[in-house]
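Tertiary structure, described
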Amino acid sequence: MSSYIIEGGKKLEGKTYVSGSKNASLPIIAATILNQGISKLYNVPRIHDTQMMIEILKKLGCKVKCNKNKVVVDSSNVNNYEIPERLMREMRSSVILAGSIVGRYKKAIFSYPGGCDIGVRPIDLHIKGFEKLGINVQESFGKIICLVDEIKGTEINLDFPSVGATENIILASVLGNGKTIIRNAAMEPEIEDLQNFLNRMGARVEGAGTKTIIINGVHKLKDVSYNIMPDRIETGTLLCAAAVTGGKIVLERANSEHIKPVIDKLEEAGCKIEIERDFIILDAPKKLKAVDINTMPYPGFPTDMQSIFGAILCTATGTSIITENIFESRFKYSGELQRMGAKIIIKDKSLIIKGVRKLYGTKVKATDLRGGAALIVAALKAKGKTEIEDIKYILRGYEKIEKKLIDLGGNIKVLIN
Ligand code: EPZ
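Residues numbered from 1 in each chain as written. Predicted model: local features only at pLDDT ≥ 70, side-chain atom pairs only at ≥ 80, totals over all residues. Heavy atoms only, no water.

1. Section: the domain arrangement of the protein
Here is the rule we go by: Domain borders in the structure are assigned automatically or taken from a domain database. Any two residues whose heavy atoms approach within 4.5 Å at even a single point are treated as in contact. Accessible-area loss on putting two parts together, using a 1.4 Å probe and summing over both, is the definition of buried area adopted here. Basic side-chain nitrogens of Lys or Arg form a salt bridge, by our definition, when they fall within 4 Å of a carboxyl oxygen of Asp or Glu.
Under the domain assignment used here, the protein contains domain 1 (2-19 + 230-416) and domain 2 (22-227). The straight-line distance from the C-alpha centre of domain 1 to that of domain 2 is 30 Å. Facing the 25 residues of domain 1 at the interface are 23 residues of domain 2. For the pair domain 1 and domain 2, the summed buried surface comes to about 1900 Å²; carbon and sulfur atoms form 50% of the total. Taken as a group, Y298, R396 and E399 account for 32% of the area that domain 1 buries against domain 2, more than any other trio of residues on that side. For the pair domain 1 and domain 2, the number of links is two salt bridges. Two residues, R232 and E190, come together in a salt bridge whose shortest N-O distance is 2.7 Å.

2. Points about the sheet that holds strand β13 (residues 224-227)
Applicable threshold: Strands are treated as partners if at least two bridges between them are detected by DSSP. Labels follow the DSSP assignment, with helices taken as runs of H or I lasting at least four residues and strands as runs of E lasting at least two, numbered in each case from the N terminus. Only the stretch in contact is used when a helix axis is fitted, and all axes are lines through C-alpha atoms; the angle between N-to-C directions ranges over 0 to 180 degrees.
One open sheet accounts for four strands, arranged β4-β5-β3-β13; its pairing is mixed. With one partner strand each, in any of the chains shown, β4 (63-67) and β13 form the two edges of the open sheet. Within the sheet, the average angular offset between the axes of one strand and its neighbour, ignoring direction, is 10 degrees. In the packing of helix α7 (residues 189-200) onto the sheet, contacts are made with β3 (38-42) and β13, and the angle to β13 comes to roughly 155 degrees.

3. Structural notes on the site of the ligand
Note the cut-off: We call a residue near a molecule or strand as soon as one heavy atom of that residue lies within 4 Å of the molecule or strand. Whenever two N or O atoms come within 3.5 Å, that pair is a polar contact, provided that in protein one can donate a hydrogen and the other can accept it, and provided that, for residues adjacent in sequence, both atoms are side-chain atoms. Here the open area of atoms and residues is found with the Shrake-Rupley method and a 1.4 Å probe, where only the protein chains shown may cover a residue. Under the convention adopted here, Pro, Cys and the residues Ala, Val, Leu, Ile, Met, Phe, Trp and Tyr are nonpolar, Asp, Glu, Lys and Arg are charged, and Gly plus all remaining residues are polar.
Lining the immediate environment of the ligand, one finds 23 residues, of which D124, L125, S162, D304 and I326 sit closest. Between the ligand and D124, the relevant distance is 2.7 Å, taken from a nitrogen atom to a side-chain nitrogen or oxygen of the residue. Coverage of the ligand by the protein amounts to 85% of the 830 Å² it exposes when considered alone. When residues of the shell around the ligand are traced back to their parent elements, those giving at least two are α1 (22-31), α5 (124-132), α6 (163-173) and α12 (369-381). For the shell around the ligand, a count of residues per class yields 10 nonpolar, six polar and seven charged. When residues of the shell around the ligand are sorted by domain, at least three fall in each of domain 1 (2-19 + 230-416) and domain 2 (22-227).

4. What to know about the pairing of strand β10 (residues 179-183)
Put simply, the rule is: For a crossover, the right-handed case is the one in which the path from the first strand over the helix to the second runs clockwise, viewed with the strands pointing away from the viewer.
Direction of pairing for strand β9 (residues 155-157) relative to β10: parallel, over a ladder of three bridges. Its bridge partner being in β10, I156 is matched across the sheet by I182. Tracing the backbone out of β9, into α6 and back to the parallel element β10 gives a crossover that is right-handed. Of the pairings in the sheet, the one linking β10 to strand β12 (residues 212-216) comprises five bridges and is antiparallel in character.

5. Digging into α5
How we decide: For each residue, the accessible area found with a 1.4 Å probe, counting protein chains only, is set against the maximum for its type, and the residue is called buried under 20%, exposed over 50%, and partly exposed in between.
Among all positions of α5, only L125, H126, I127, G129 and F130 are buried. Against α4 (97-105), β7 (136-140), β8 (143-147), β9 and α6 lie the buried residues of α5. Positive phi shows up at G134, right after α5, with a value of about 90 degrees.

6. Quick notes on the pattern of salt bridges
Taken as a whole and assessed by the stated rule, the structure comprises 19 salt bridges. Residues E268 and K265 are paired through a salt bridge, measuring 3.1 Å at the closest nitrogen-oxygen approach. Separated by three residues within a single helix, E268 and K265 lie in helix α9 (residues 260-268), roughly one turn from each other. The exposure class assigned to E268 is partly exposed, which follows from its relative accessible area of 41%. Residues joined by salt bridges that share partners form a network here, namely K363, K365, E389 and D390.

Below is the structure:
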């Protein structure tokens, strides 16, 4: 188990860059199965989750070549339609492959992805969407078997704007017959990136970024090259790291539009933020002001930033209230922050954070990807040395995060245990 050792108390200053989006890369890598040809992807973050997705593609018969952040997929000879159970359980987001596989093969076999550290993570909306498309979904011995003669376009109304369900239904409809309309669709920017990729491939998808998405089925797709959008959650994480240390940083290759709710809250907390093309310049005050946070589907405040923003509010002036409306158990990190001296009470779906003068370095454990990122941010602020154990969670979603923080003057080392 590797750990981060962080010596806190230093302002972050200087310039670094944002990598490609994990949550845009995963559905786009899955979508390469559809064109039975060559897909060249650029700006793919080299992290555990994208590497896992590539491993699964290889198991399905794809040839994949990776070179730094370039990934070339040849899906001409996909000869398998079953997602290996071990890989499904190791990375729940691989459920997104089901839409592509059943869209191309009219057959897919996968298992329930299982819950994770932030909640039960059901896939009922994915399955309901598949059934509305005429796909027969059976469960036997823990496996989910999807079978269909012909995917027929239809209207699907999502009970909740689920990101994964929206993406899976789009992927299953691209090669279907007729028009599919998804209502109450998720509006996250990653879905727009998926739409742009698919249309570049010859699909006909419109409306991503709005609540209604229309897919007109096509019969043939072509080779494609595509540049993945920047990671908006890494952008928010780096901004929060600078904000909590009273620093001043320049972030390159960022898309400020995608992270507007976080920028607004950082300004409310006292930071000065300038936007120049794909640069974000943040200048933080010595001490942040308490703010209240309500996580919502996009374009609301992103749930993935809840723990990271919670970490910076632990030393703000005043009391903040954070309400988590998306996942049912996304406060595990708060216990670790309390070990550092944070004053936090959990009340139903809310965290009440009373700002303290200081946090103190100690040994803490990452509980999940974004909970782990919250501990990094808290440790950069804390007095003394913090050891963060189980950083495998953090390596799932952040490319070279320690190098970027060192670029900004942070004191962080990796300890291989
Ligand atoms: C995506 O997960 C992201 N993951 C998550 O990021 C992100 O937190 C989430 O969207 C919300 O923005 C990827 O894109 C790989 P949902 P997803 O389906 O698709 C319930 C990270 O840290 N729901 O929008 O799984 C579900 O339980 C990760 O990068 C159902 O009830 O999220 C949750 O309460 C964590 N039935 C809510 O909807 C379903 O069939 C939102 O889930 C599906 C979801």
